[in-house]
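A closer look at the structure
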Amino acid sequence: GTGGSAAAAAAAAAVAAAAAATTALCSGHSEPLETPLAAVPLELVADLREAVGQDHVLLDADEREARGKPWNSYHKIDNFPGVVVLPSSTDEVAAIVRACKRHNVPLVAVGGGTSLEGHTLALSGGVSLDMSRMEAIVALHTRDLDVVVQPGLGYLDLNEKLKPHGLWFPLDPGPGASIGGMCACRCSGSTAVRYGTMRDNVLALTAVLSDGTVVHTGTRARKSAAGYDLTRLLVGSEGTLAVITEVTLRLHRIPPKAAAVRVAFPSITAAADAARETLVRGLQGVQRCELMDDVMVKVSNSANNRADAEAPTLLYEIVGPSDASVLEELEAVRSIVQEYGGTGVRVATDPAECKELWRARKEALWAANAAFPDCECMITDVCVPLSALPELIGATKKEIEASGLNCPIVSHAGDGNFHVLIHFRADVKEEVEEAHRLSDFMVNKAQALGGTCTGEHGVGVGKVQYLERELGLPAVSVMATIKHSLDPNGVLNPGKVR
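Residues numbered from 1 in each chain as written. Predicted model: local features only at pLDDT ≥ 70, side-chain atom pairs only at ≥ 80, totals over all residues. Heavy atoms only, no water.

Brief notes about the sheet that holds strand β3 (residues 107–110)
Basically, it comes down to this: Here a strand pair is declared whenever DSSP counts at least two bridges between the two strands. Here a helix means four or more residues in a row that DSSP labels H or I, a strand means two or more in a row labelled E, and each is numbered from the N terminus.
Taken together, 4 strands build an open sheet; the order of strands is β1-β2-β4-β3 and the sheet is mixed. The two strands at the open ends of the sheet, each matched to only one other strand, are β1 (57–58) and β3. Looking at chain direction, β3 and strand β4 (residues 127–130) are connected through 4 bridges and run parallel. Following the sheet pairing, alanine 109 is matched in β4 by leucine 129.

Put into structure tokens, the structure is as follows:
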């Protein structure tokens, strides 16, 4: 009847108005949208449905909001994507990117959603490219120790599939991370001390450029001197230069033997000194070397009903081809930690005991967040040369103690990287300001000591302001030139690394 026609016309007008508002935003209009759930042009929605099928183009508000907020990001969210698209192949990604370029609508690729510096925030609305359907192992080459995977595959799932072959991909960021996101953020984790970071473990990529062109950056060869190293250019580019659609990874044999060591120290600087000395002496079996401060140990004890000494603590994982080789390394570690006042040395060799000894470190973030449930958590990420870690972590500890905030410290001490879990109440202005002051202090101090504002979390929106001081204006200008050359219309993850 007439009422139904009027309602339909009103709905169509509302959709058209939302589409016009989004089109204006995507064309550079600076005024904010009235709704955080920004629509996109209806013509683009039609193109996306043609590319991937109607079932894989999501307009539901909850779905869009879920892609617009990472799990553990403290960054303010002003916008959500207008549509979520789930491709299943490189060809579908290329079609989506071409459609976004044609309609001048921004696109943000999303993996596991575990990044911390606002990498996947849809600052300008637009399209959220959810890679979760692209989770296949394309090819496994056990004799060559490499594997080709799609970017949506989680690293934990990959390792479950590799385990029967005696292989693993050792990098271990937060649970839930996907291979594509790990490449985009150039992640590492606790095993980087032995295996390096993501840039050291990616042999080649397939990626889609901002105009839909598909590029292959390398081969499965273990080394190559052919042309520019486009693989390393894209690893760490955070989705701003291309969308990664396939990754060739270097694999490793699972170490036959392993042991875990836990040691308490009189101060956090003593623990950091012991970690530095362990690496400087060139012990080959150290697979992990992690540090927790006394606050983190106290939180862990409370969460797990443990009674570990509430003191700065180092956790080691020692691996080797035989029991004898592991024992030799254990004795070397024991000697080093005792030189720096380490006490209460605990060693575990049974796999179940090792897992339990490492549990406190593995669950640190969740335990800390549960201990301070009324707070948001700002997770910092600075890294310095090994010799500078004791000075930086000691100075940071003093600043924290004077701040009045709850700030446990965890550290990949074996490579000079540490995180402060700054807990603050978002509705208390003084606490928000103090949290940012602490983070700024750590970055400034780290850069003064020859280090970096981010060891493994990446730049996103949270660390952009520190790049020029760290790298210099000429280097940042080169980055901007590369970005403009590969993405002249600013379609790919705009407003991030530049």
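Some details on the packing of aromatic side chains
Where two aromatic rings form a pair, the distance of their centres and the angle of their planes describe that pair. Which entries qualify depends on this criterion: Two rings from Phe, Tyr or Trp (for Trp, the six-membered ring) form a pair when their centres are within 6.5 Å of each other. A pair whose planes differ by under 30 degrees is stacked, one over 60 is edge-to-face, and the rest are tilted. Buried residues are those whose accessible area, probed at 1.4 Å on protein chains only, stays under 20% of the maximum for their type, while exposed residues exceed 50% and partly exposed ones sit between those limits. Counting as a charge over the ring demands two things of the Lys NZ or Arg CZ atom: a distance within 6 Å of the ring centre and an angle within 35 degrees of the ring normal.
Under the counting rule described, the total for this entry stands at 1 aromatic pair. When the ring of tryptophan 168 is compared with that of tyrosine 195, the centres are 5.8 Å apart and the planes differ by 90°; the resulting orientation is edge-to-face. With tryptophan 168 in strand β7 (residues 167–168) and tyrosine 195 in helix α7 (residues 192–195), this pair connects stretches of sequence that are 27 residues apart. There is no split in this pair, since tryptophan 168 and tyrosine 195 are both buried. The ring of tryptophan 358 carries arginine 288 above its face, with NZ or CZ at 5.9 Å from the centroid.

A word on helix α4 (residues 90–103)
We count it as follows: The length a helix should cover is 1.5 Å for every residue beyond the first.
If you check α4, its first and last C-alpha atoms are 20 Å apart, about what 14 residues at 1.5 Å a residue would give, namely 20 Å. Taken together, the buried positions of α4 are occupied by Thr90, Glu92, Val93, Ala94, Ile96, Val97, Ala99 and Cys100. One or two positions beyond α4, positive phi appears at asparagine 104, with a value near 55°.

Observations concerning a nonpolar patch on the surface
This is how it is decided: Each patch groups residues whose relative accessible area exceeds 30% and which form no salt bridge, using 9 Å between like charges and 5 Å between nonpolar side chains of Val, Leu, Ile, Met, Phe, Trp and Tyr. To measure how exposed things are, a 1.4 Å probe is used in the Shrake-Rupley method; for residues, cover is taken only from the protein chains shown. By definition, a salt bridge exists where a carboxyl oxygen of Asp or Glu is found within 4 Å of a side-chain nitrogen of Lys or Arg.
A contiguous nonpolar patch, built from Tyr228, Leu230 and Leu233 and spanning about 340 Å² of accessible area, is present on the exposed surface. Tracing the backbone shows leucine 230 in helix α8 (residues 230–234). Judged by relative accessible area, leucine 230 falls into the partly exposed class, the value being 38%.

As for the pattern of salt bridges
Inspection of every chain in the model, using the stated rule, returns 31 salt bridges. The closest approach of N and O atoms between arginine 67 and glutamate 63, which form a salt bridge, is 2.7 Å. Of this pair, arginine 67 and glutamate 63 both sit in helix α3 (residues 61–68), 4 residues apart, which is roughly one turn of that helix. A relative accessible area of 15% means that arginine 67 is categorised as buried. For arginine 220, the salt bridge is made with aspartate 144, and the minimal N-O distance between the two is 2.6 Å. Taken as a pair, arginine 220 in the loop between β9 (214–216) and α8 and aspartate 144 in the loop between β5 (137–141) and β6 (146–149) lie far apart in primary sequence, 76 residues in all. Here the residues in one salt-bridge network are Arg262, Arg306, Asp308, Arg346, Glu356, Arg359 and Glu363, joined through shared partners.

Considerations on the sheet that holds β5
Operational definition: Lines fitted to C-alpha atoms define the axes, with helix axes restricted to the stretch in contact, and inter-axis angles between N-to-C directions lie between 0 and 180 degrees. Should any heavy atoms of two residues lie within 4.5 Å, those residues are counted as being in contact.
What the 5 strands build is an open sheet, ordered β5-β6-β10-β8-β9; its pairing is antiparallel. The strands lining the two open edges of the sheet, one partner per strand, are β5 and β9. Between one strand axis and the next, the sheet turns through 10° on average, direction left out of account. Taken strand by strand, α4 contacts β8 (202–208), β9 and β10 (243–250), and its axis lies near 45° from that of β8.

Some words on the nonpolar core
Note the threshold: Throughout this description, the term nonpolar core refers to a set of buried Ala, Val, Leu, Ile, Met, Phe, Trp, Tyr and Cys residues connected via side-chain atoms within 4.5 Å.
Of all hydrophobic cores here, the largest spans 46 residues; its most connected members are Leu314, Tyr316, Phe418 and Ile422. The element that contributes the greatest number of residues to this core is helix α9 (residues 268–280), accounting for 6 residues. Apart from the residues within four sequence positions on either side, phenylalanine 418 is in contact with Thr380, Asp381, Val382, Leu389, Leu392, Ile393, Thr396, Ile409, Val410, Ser411 and Met442.

A closer look at the packing of helix α2 (residues 42–52) against α4
Here is the rule: Angles are sorted into four bins: roughly parallel if under 35 degrees, roughly antiparallel if over 145, roughly perpendicular if 65 to 115, and oblique for all others. By definition, any crossing whose near helix is turned counterclockwise from its far helix by less than a right angle is left-handed, and any crossing with a clockwise turn is right-handed. Residues are grouped as follows: nonpolar covers Ala, Val, Leu, Ile, Met, Phe, Trp, Tyr, Cys and Pro; charged covers Asp, Glu, Lys and Arg; every other residue, Gly included, is treated as polar.
It is the contact of α2 with α4, at a shortest axis distance of 9 Å, that shows an interaxial angle of 170°. Judged by the angle between their axes, α2 and α4 are roughly antiparallel. In this structure, the crossing between α2 and α4 has a hand that is right-handed. Contacts between α2 and α4 involve Glu43, Leu44, Asp47, Leu48, Ala51 and Val52 from the former and Glu92, Ala95, Ile96, Ala99, Cys100, Arg102 and His103 from the latter. Taken together, the residues that form the contact of α2 with α4 break down as 8 nonpolar, 1 polar and 4 charged.

Remarks on the confidence of the model for the protein
To keep things clear, this is the line we draw: Confidence per residue, as judged by the predictor, is encoded in pLDDT with a range of 0 to 100.
With 92% of its residues at a pLDDT of at least 70, the protein reaches an overall mean of 90. Per-residue pLDDT stays below 50 along residues 1–37; that stretch engages in 33 contacts with residues further than four places along the chain or on separate chains.

Details of the environment of tyrosine 155
This is how it is decided: Think of a polar contact as two N or O atoms within 3.5 Å of one another; within protein, one of them needs to be a possible hydrogen donor and the other a possible acceptor, and neighboring residues in sequence only count if both atoms come from side chains.
Within the secondary structure, tyrosine 155 sits in helix α5 (residues 155–162). Residue classification places tyrosine 155 among the buried positions, given a relative accessible area of 5%. In this structure, the C-alpha to C-alpha distance between tyrosine 155 and proline 255, residues 100 residues apart in sequence, is 18 Å. Among the polar contacts listed, one links the side chain of tyrosine 155 to the backbone oxygen of proline 173, at a separation of 2.6 Å.

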